[in-house]
Amino acid sequence: MRTIKLIILFLFCGVALMAQEIPAGGENIVDSNKLKYIKLSKDEGKIEAANDNTTLIATTIKQPQFIYNLGARIPLIAKKIVPAQPMLLSFQARTLESSLETAEAKISWIYKQSESSDPKDVVQRAVSLSQKWQTYYLPFHALKSSNGNDVLTMMFGYTPQKFEIKDIQLLVYPEQFDFEKLPKTKISYAGMEANAPWRMEAEKRIEAFRKGNFEIEFSVKGKKIQNTNVNLNLQRHAFSFGAAINAEDVINDDRHFNAIKKMFTVIVFENDLKMKKWALVKKRPLTLEAIDKLNESNIKVKGHALVWPSFRYLSPDIKENKDNPEKVKELIFNHIKSITQATKGKISHWDVLNEVYTNKELQNIFGSEDILFEAYKKLKEYDPKAERFINEYGIISGGGINKTKQDWYYNFVKTIDAKTGGLLNGLGMQSHIGNDLTSPEKVIEILNRFAELHKKISISEFTLDILDDDIKAQYTNDFMMAAFSQAAVSEFLFWGYFEPSNPKAGLLDKNFQLTKMGSAYNNLVNNKWQTNISKNTDAKGKISDRGFYGTYQYDFTLDGKFYKGTFEVKPESKNQIKIAL
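The following paragraphs examine the structure supplied in this document. Computed from a predicted structure; not experimentally measured. (Residues numbered from 1 in each chain as written. Predicted model: local features only at pLDDT ≥ 70, side-chain atom pairs only at ≥ 80, totals over all residues. Heavy atoms only, no water.)

Some thoughts on the sheet that holds strand β9 (residues 122-129)
Just so we agree on the cut-off: At least two DSSP bridges between two strands are required for those strands to pair. Helix numbers and strand numbers start at the N terminus; a helix is a DSSP run of H or I with at least 4 residues, a strand a run of E with at least 2. Angles run from 0 to 180 degrees between N-to-C directions of axes, and those axes are lines fitted to C-alpha atoms, restricted for helices to the stretch in contact.
Taken in spatial order, the four strands of this open sheet run β5-β12-β8-β9, and their pairing is antiparallel. Here the strands that pair on one side only, and so sit at the sheet edges, are β5 (71-74) and β9. Across the sheet, the mean angle separating the axes of adjacent strands is 20° when strand polarity is ignored. Bridge analysis of strand β8 (residues 105-112) against β9 gives eight bridges, and the strand direction is antiparallel. For Trp 109, the partnering residue across the bridge sits in β9 and is Arg 125.

Some points on the sheet that holds strand β28 (residues 550-558)
Note on sheets: strands pair through backbone hydrogen bonds, and any given pair is parallel or antiparallel. Across the sheet, which stays open at both edges, the four strands sit in the order β26-β16-β28-β29 with antiparallel pairing between neighbours. Edge strands, defined here as strands with exactly one partner in the open sheet, are β26 (532-536) and β29 (561-569). Across the sheet, the mean angle from the axis of one strand to that of its neighbour is 20°, orientation sign disregarded. As paired strands, strand β16 (residues 229-237) and β26 are joined by five bridges and run antiparallel to one another. Across the sheet, Val 230 pairs through a bridge with Lys 535, a residue of β26.

Structural notes on helix α12 (residues 469-484)
Convention followed: Between the first and last residue of a helix there are one fewer steps than residues, each counted as 1.5 Å, and that sum is the expected span. The buried label applies to any residue whose accessible area, calculated with a 1.4 Å probe on protein chains only, is under 20% of its type's maximum; exposed applies above 50%, and partly exposed to all values in between. By the criterion applied in these results, polar contacts are pairs of N or O atoms within 3.5 Å in which, for protein atoms, one can donate a hydrogen and the other can accept it, and in which residues neighboring in sequence qualify only through two side-chain atoms.
Compared with an ideal rise of 1.5 Å per residue, which puts 16 residues at 22 Å, α12 spans 22 Å between its outermost C-alpha atoms and is within 8% of the ideal. In terms of burial, α12 is a largely internal element, 13 of the 16 residues being buried. Two to three positions downstream of the cap, the backbone nitrogen of Asp 470 sits 3.0 Å from a side-chain oxygen, assigning the N-cap of α12 to Asp 468.

Quick look at helix α1 (residues 197-209)
Condition: The arc in question is the one spanned by the directions pointing from the helix axis to the C-beta atoms.
In this model α1 runs 18 Å from its N-terminal to its C-terminal C-alpha over 13 residues, within 8% of the 18 Å that 1.5 Å per residue would give. Of all the residues in α1, the buried ones are Trp 198, Arg 199, Ala 202 and Ile 206. All buried residues of α1 fall inside an arc of 95° around its axis, so they share one side. For α1, the exposed residues lying more than 90 degrees away from the buried face are Pro 197 and Lys 204.

What about the side chain of Asn 575?
Which entries qualify depends on this criterion: We call two residues in contact whenever any of their non-hydrogen atoms come within 4.5 Å of each other.
Along the polypeptide, Asn 575 turns up in the loop between β29 and β30 (576-580). The buried category is assigned to Asn 575, whose relative accessible area is 4%. The contacts of Asn 575, once residues within four sequence positions are left out, are Asn 213, Phe 214, Glu 215, Tyr 549, Glu 568, Val 569 and Lys 570.

Examining the packing of aromatic side chains
Applied cut-off: Planes of paired rings set the category: under 30 degrees apart is stacked, over 60 is edge-to-face and the rest tilted, where pairs are Phe, Tyr or Trp rings (Trp by its six-membered ring) whose centres lie within 6.5 Å. We call a charge positioned above a ring when the Lys NZ or Arg CZ atom is no farther than 6 Å from the ring centre and deviates by at most 35 degrees from the ring normal.
Taken as a whole and assessed by the stated rule, the structure comprises 39 aromatic pairs. Ring geometry for Phe 241 and Trp 529: centres 6.3 Å apart, planes at 20°, overall stacked. Separated by 288 residues along the polypeptide, Phe 241 in strand β17 (residues 240-245) and Trp 529 in the loop between α13 (516-528) and β26 bring together distant segments of the chain. Take Phe 241: its relative accessible area is 3%, and that puts it in the buried class. Measuring from centroid to centroid gives 5.1 Å for Phe 556 and Tyr 563, while their planes differ by 20°, and the two rings are stacked. Pair check on accessibility: Phe 556 and Tyr 563 agree, each one buried. The positively charged end of Lys 211 is found above the aromatic ring belonging to Phe 548, 5.1 Å away from the centroid. Its guanidinium or amino end placed over the ring of Tyr 393, Lys 405 lies 3.5 Å from that ring's centre, counting from NZ or CZ.

Considering the environment of His 304
Following the sequence through the fold, His 304 ends up in strand β19 (residues 300-307). Taking the C-alpha atoms as reference, His 304 lies 6.7 Å from Phe 269; in sequence the two are 35 residues apart. Excluding anything up to four places from it in sequence, His 304 contacts Val 268, Phe 269, Glu 270, Leu 273, Lys 274, Trp 350, Asp 351, Asn 354, Asn 391, Glu 461 and Trp 495. Side chain to side chain, His 304 and Asp 351 meet in a polar contact 2.8 Å long.

Brief notes about the packing of helix α11 (residues 440-451) against α12
Note the cut-off: Note that the term roughly parallel is reserved for angles under 35 degrees, roughly antiparallel for angles over 145, roughly perpendicular for angles of 65 to 115, and oblique for everything else. For any pair of crossing helices, the crossing counts as left-handed if the nearer helix is rotated counterclockwise from the farther one by less than a right angle, and right-handed if it is rotated clockwise.
At a minimum axis separation of 9 Å, α11 and α12 run at an interaxial angle of 25°. Put simply, α11 runs roughly parallel to α12. Note on packing geometry: the crossing formed by α11 with α12 is right-handed. Touching Pro 440, Val 443, Ile 444 and Leu 447 of α11 are Tyr 475, Asp 478, Phe 479, Ala 482 and Ala 483, all from α12.

As for empty space enclosed by the protein
The cut-off we apply is this: As defined here, a cavity is a set of points on a 1 Å grid over the protein atoms alone where a 1.4 Å probe fits but cannot get out. A pocket is an open set with protein on both sides within 12 Å along at least five of seven lines, and residues line them when an atom is within 4 Å of a point. Grid points are joined across faces, edges and corners, and a volume is the space filled by probe spheres set on the points. Asp, Glu, Lys and Arg are counted as charged, while Ala, Val, Leu, Ile, Met, Phe, Trp, Tyr, Cys and Pro are counted as nonpolar; the rest, among them Gly, fall into the polar class.
Scanning the entire structure with this criterion turns up two cavities of 30 Å³ or more. Of the voids in this model, the largest cavity is the one considered here, and its volume is about 40 Å³. A class-by-class count of the residues in the lining of the largest cavity yields seven nonpolar, no polar and one charged.

Quick look at the nonpolar core
One recurring pattern in soluble globular proteins is that nonpolar side chains are buried together. Put simply, the rule is: Nine residue types can take part in a nonpolar core, namely buried Ala, Val, Leu, Ile, Met, Phe, Trp, Tyr and Cys, and a core is a set of them joined through side-chain atoms within 4.5 Å.
Counting residues in each nonpolar core, the largest one holds 124 residues, and the members touching the most others are Ile 332 and Tyr 497. Tallying contributions element by element places α12 first for this core, with eight residues. Sequence-distant contacts of Ile 332, that is, excluding residues within four places in its chain, are made with Met 275, Val 307, Leu 314, Ile 318, Leu 362 and Ile 371. Within the second largest apolar cluster, 34 residues are counted, among which are Ala 72, Trp 109, Leu 129 and Phe 156.

Quick notes on the pattern of salt bridges
How we decide: The term salt bridge refers to a pairing of a side-chain nitrogen on Lys or Arg with a carboxyl oxygen on Asp or Glu at a separation within 4 Å.
Per the stated rule, a full pass over the model turns up 29 salt bridges. Note that Lys 277 is salt-bridged to Asp 272, the shortest N-O span being 3.1 Å. Across the salt bridge formed by Lys 456 and Glu 387, the nearest N and O atoms sit 3.0 Å from each other. A residue pair is termed long-range when its members are at least 10 positions apart, and Lys 456 in strand β24 (residues 456-464) and Glu 387 in strand β21 (residues 387-392) qualify at 69 residues. Assessed through its relative accessible area of 34%, Lys 456 is described here as partly exposed. Looking at Glu 387, the relative accessible area reads 26%, which means it is partly exposed. In the salt-bridge network here, residues are joined through shared partners; they are Glu 207, Lys 211 and Arg 546.

So this is what it looks like as structure tokens:
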């Protein structure tokens, strides 16, 4: 059987999938009475009817080689179809379990009117499912004529997952029916309105937590500069904004490096500092060169990730020695020593652990989590100035309703502190957001809870997997506002920034111009959250004002001479600054 190349023609998005009415006039050709007989059981997964005989429960146990290796053929009633005839596939579904970072299950529908599996001869739709019951609407036109031999298949051969689905309908409308009247799943999320209460409260917190009063006194040769106009402009936020990149782009492509310098104050390498990549000794010089180049440009480098406890992400010799715990411990500790000695003083903070909740092969070797806690101690020993974080997914994504994982993460952070004597400095919230858009109110609620742990919080890997560019821009704006308004959040990193290689975090297009998502980011960081002051000094040569924390540039002209320099407005400081020239 040849591989079916899935072309995703339409992707539905939104946490609040707004209820719509299905217009009259459509004939449902799904044989609902036969749905209860659907049953499949394979090593890769299974599907069967629930006790109510109206709901199907599908489980992917392990991902097959191809998506279509797990699928259920939906029984249809014979119906003559003509080309371009309006049709609507609708169903209700919810995710029960997911291994994706977005916490969603995925399905792909294929409607065939012939034996051909060529993409041009089939209608295909991919859908990600919310964790709450939602109704999904997929309108399309028939591709050709058929006489009752049509096939509708629901494929679920993705990563391990479990979901429920019911009320499946395939409605055929008369040829003359207005296609535009068919419902589409509208993209929405709670709190997106301009006057949403959360937004106003967030603005107040941003004013309180991200800005401070300052007083700056100017003198030249001991003489106070009176009644002189001075420009004060924020040049660099104290808060860290950044993205994931590759070391090779830093060294070999000036377009990337110039964009990075302009947009970000912190970066994290996607793979270059992971154990498997670091084990490739010939690759190390380029990585170290990139770190130096970034540091020289005053860009912090975050290390990712020191220990990722899965054979898939560790060097091959770990799996080769899985039956020899002492050898594995030696290999892990040697890796930590090697990479930290090579980068000592150049990495601002490390994800010491990554995705521990679902990756446990290293722990299984030792029969405990002690090796994880030892990693924090080793980093403290080898590079004491580098801050120590943990990083995890599925805490904020998926509508933010995975209370079980949130509780585990909250308690595991406390366990790390207890086992290491308080060596944990911060915790990462990956924030890979899928179709189930977590509302800003829920984001704030989750951040508030984890702020109680008195650790720095990193929005460490923000991505947004939706196709509507307008909603993508608005949600980016709102998510950033929600995060920035929580005082414990110390950084916001996108997992990528270049649309051709990282479309889910595409801030720049192929021409290195801002996308709509990038414009939302830029408008906040360099416009709304910017401080630009032009003001005269008083009789004592002073200017008092308020602005965002960070590094400022001042400039003024006195007696025909131009003066320029920098100063800092810092959190938890009186910010009484004297500049003597």
